[in-house]
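In case you want the letters, here they are:
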Amino acid sequence: MPDSPSPHGSPATPGTLLHHEPPPLLADSPLRQALDCSDNAIALTNRDRQVVYVNQGFTRLFGFTIDEARGRYLSDMLQGPHTHQGLTEAIRSGLRLQGHYHGDALIYSRDGQPRWVSMVVNKADEAQGGPGGSITATTPRQTSPSSPTSHRSTTRWTWPTSSTPWPRPSRPSSSSP
């Protein structure tokens, strides 16, 4: 996928702090090894929204290594022609107002392949030991959220009553002739 001009400015602008090593807590630690074993794609960004760390799950799902991702913006790497135009603003708004964002999105791998994912983005404040930006965990979905075979669109939840256990999925009834 060709690089497009970033609405964030150049990641190499003067005065911008680029981290060239993973955050100290992750450097060759058991935590980093655990993150690298995850099937979820995990990325950490600094206060300038530049990537400072991606795990091996990110590399497997999207094709970008830590060296290729470091200093870049996730939106520049992962958004493509059919990504919802309001995704970046929805994430920023969620982080600003609630400290997190959760949603499904169509984003793209390095080779331009579309990927439906579920993503959770949380603030990672420096005051609390984070890199100052965000932590994004992305999980691949088997289907699009609006697909007729999507779990979300074909399952209704039956909420508990005095005679039913805690939520259990029930399939929509089909009428037989």
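A brief look at the structure comes next.

Comments concerning the overall build of the protein chain
Part 1: Helix and strand content of the protein chain: six helices and seven strands.
Part 2: By residue count, 34% of the 177 residues in the protein chain fall in the buried class.
Part 3: For the protein chain, the accessible surface area stands at approximately 11000 Å², while carbon and sulfur atoms represent 55% of it.

Overview of the layout of surface pockets
Part 1: Quantified by volume, the largest pocket comes out at close to 550 Å³.
Part 2: Looking at the largest pocket, it is lined by 27 residues, and the ones nearest its centre are Arg49, Ile91, Arg92, Leu95 and Ser134.
Part 3: Listing elements by their share of the lining of the largest pocket, those giving two or more residues are strand S1 (41-46), helix H4 (74-78), helix H5 (87-98), strand S4 (114-123) and strand S5 (132-140).
Part 4: With six residues, H5 is the single largest residue contributor to the lining of the largest pocket.
Part 5: For the lining of the largest pocket, the class distribution of residues is 10 nonpolar, 11 polar and six charged.

Things to note about the nonpolar core
Part 1: With 27 residues, the main nonpolar core has Phe58, Phe62, Met77, Leu78, Ile107 and Met119 as its most contacted residues.
Part 2: Counting only elements with at least two residues in this core, the list comes to S1, strand S2 (51-54), helix H2 (56-62), helix H3 (66-69), H4, H5, strand S3 (100-108) and S4.
Part 3: Apart from residues no more than four positions distant in its own chain, Met119 is found in contact with Ile91, Tyr101, His102, Gly103, Ala105, Ile107, Ala137 and Thr138.

Some thoughts on the pairing of S3
Part 1: One ladder, built from nine bridges, connects S3 with S4; its direction is antiparallel. Across the sheet, residue Ile107 finds its bridge partner in S4, namely Arg115.
Part 2: In sequence, S3 turns back onto S4 through a hairpin of five residues, with Gly112 there showing a positive phi of about 85 degrees.

Overview of H5
Part 1: Here H5 contains 12 residues, and its C-alpha end-to-end distance of 16 Å stays within 8% of the 16 Å for a straight helix at 1.5 Å per residue.
Part 2: For H5, the full list of buried residues reads Leu87, Ile91, Gly94 and Leu95. Buried residues along H5 cover an arc of 95 degrees about the axis, so they all sit on one side. In this structure, H5 carries Arg96 and Leu97 as exposed residues pointing more than 90 degrees from its buried face.
Part 3: Note on H5: the residue one or two positions beyond its end, Gly99, has a positive phi of about 85 degrees.

Rules used throughout
- Residues numbered from 1 in each chain as written.
- Predicted model: local features only at pLDDT ≥ 70, side-chain atom pairs only at ≥ 80, totals over all residues.
- Heavy atoms only, no water.
- Helix = DSSP H or I, 4+ residues; strand = E, 2+ residues; numbered from the N terminus.
- Buried < 20%, exposed > 50% of the residue type's maximum accessible area, 1.4 Å probe, protein only.
- Areas by Shrake-Rupley, 256 points an atom, 1.4 Å probe, with all protein chains shown as cover.
- 1 Å grid on protein atoms, 1.4 Å probe; cavity = no way out; pocket = protein on both sides within 12 Å on 5 of 7 lines; lining within 4 Å.
- Points joined across faces, edges and corners; volume = space filled by probe spheres on them.
- Nonpolar A, V, L, I, M, F, W, Y, C, P; charged D, E, K, R; others polar.
- Core = buried A, V, L, I, M, F, W, Y, C linked by side-chain atoms within 4.5 Å.
- Contact = heavy atoms within 4.5 Å.
- Pairing = 2+ DSSP bridges.
- Expected span 1.5 Å × (residues − 1).
- Arc of directions from axis to C-beta.

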